[in-house]
Amino acid sequence: QVQLVESGGGLVQAGGSLRLSCAASGRTFSSYAVGWFRQAPGKEREFVAAINWSGGNTYYADSVKGRFTISRDNAKNTVYLQMNSLKPEDTAVYYCAARYTLATVTRDYEVDYWGQGTQVTVSS
């Protein structure tokens, strides 16, 4: 069992930055791939970024490449999403997700555990 708790969301102006954190419980967190997904009002949840168990492989949606960076610290059981050059279209609830795999997690149907979400609002 893994519990995920996101933090770091908030209100920021366009062009600004935020860093989201996903803190996980469980001693085997380093065996999980972790992804960030987001859901804007009236839209389906979409993939944002993912990182494999070791942090050696990362994946990004085209819409955030070059602006967002995912990283993890397995000693702290935490995954981060650094978001720079934020745009109003980045406004959404951001969810952390974990999958017990040596591969990755980029599809919501692959997810084993979800966090509760954190709101990110980017004003123009």
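Look a little higher up for the structure.
Notes on the structure in this doc start here.

Rules used in this analysis
- Residues numbered from 1 in each chain as written.
- Predicted model: local features only at pLDDT ≥ 70, side-chain atom pairs only at ≥ 80, totals over all residues.
- Heavy atoms only, no water.
- Helix = DSSP H or I, 4+ residues; strand = E, 2+ residues; numbered from the N terminus.
- Buried < 20%, exposed > 50% of the residue type's maximum accessible area, 1.4 Å probe, protein only.
- Contact = heavy atoms within 4.5 Å.
- Areas by Shrake-Rupley, 256 points an atom, 1.4 Å probe, with all protein chains shown as cover.
- Salt bridge = Lys/Arg side-chain N within 4 Å of Asp/Glu carboxyl O.
- Pairing = 2+ DSSP bridges.

Overview of the overall build of the chain
Helix and strand content of the chain: zero helices and 11 strands. Listing each helix as α and each strand as β along the chain from the N terminus yields β-β-β-β-β-β-β-β-β-β-β. Seen through its C-alpha atoms, the chain measures out along the principal axes to roughly 40 × 25 × 25 Å. When each of the 124 residues of the chain is scored for burial, the buried share is 45%. Within the chain, counting contacts between residues at least 6 apart in sequence, those at least 24 apart form 59% of the total. Just so you have it, the chain exposes about 6,300 Å², and 45% of that area is on carbon and sulfur atoms.

Quick look at unusual backbone geometry
Unlike most non-glycine residues, N77 shows phi in positive territory, near 55°. Within the secondary structure, N77 sits in the loop between strand 7 (68-73) and strand 8 (78-83). With a relative accessible area of 18%, N77 lands in the buried category.

Here we look at the environment of V12
Considering the arrangement of structural elements, one finds V12 in strand 2 (residues 10-13). Of the residues examined, V12 reaches a relative accessible area of 13% and is grouped as buried. Sequence separation between V12 and K87 is 75 residues, and the spatial gap between their C-alpha atoms is 9.4 Å. Leave out the neighbours within four places in its chain, and V12 touches S17, L18, L86, T121, V122 and S123.

Remarks on the side chain of N52
Within the element layout of this structure, N52 appears in the loop between strand 5 (46-51) and strand 6 (58-60). A residue is classified by how much of its surface remains accessible, and N52, at 6% relative accessible area, is buried. The contact partners of N52, leaving out residues within four places of it in the chain, are Y32, A33, N57, R72 and A103.

With respect to the pattern of salt bridges
Going through the model one piece at a time under the given rule, you end up with five salt bridges. Here R38 makes a salt bridge to E46, at a shortest N to O gap of 2.6 Å. With a closest N to O distance of 2.7 Å, R67 and D90 form a salt bridge. Of this pair, R67 sits in the loop between strand 6 and strand 7 while D90 is found in the loop between strand 8 and strand 9 (92-100), placing the two residues 23 residues apart along the sequence. In this structure D90 comes out as buried when scored by relative accessible area, which is 0%. Taken together, the salt bridges that share partners define one network made up of R38, E46, R67 and D90.

Looking at the pairing of strand 8
The buried count for strand 8 comes to five of six residues, which makes it a mostly enclosed element. As defined by bridge partners, strand 3 (residues 18-24) adjoins strand 8 across six bridges and the pair is classed as antiparallel. Opposite L20, over in strand 8, you have L81 as the bridge partner. Judged from the six bridges that link them, strand 7 and strand 8 form a sheet pairing that is antiparallel. The residue bridging D73 from the neighbouring strand is T78, located in strand 8. Linking strand 7 back to strand 8 in an antiparallel pair, the connection comprises four residues, with N77 at a positive phi of about 55°.

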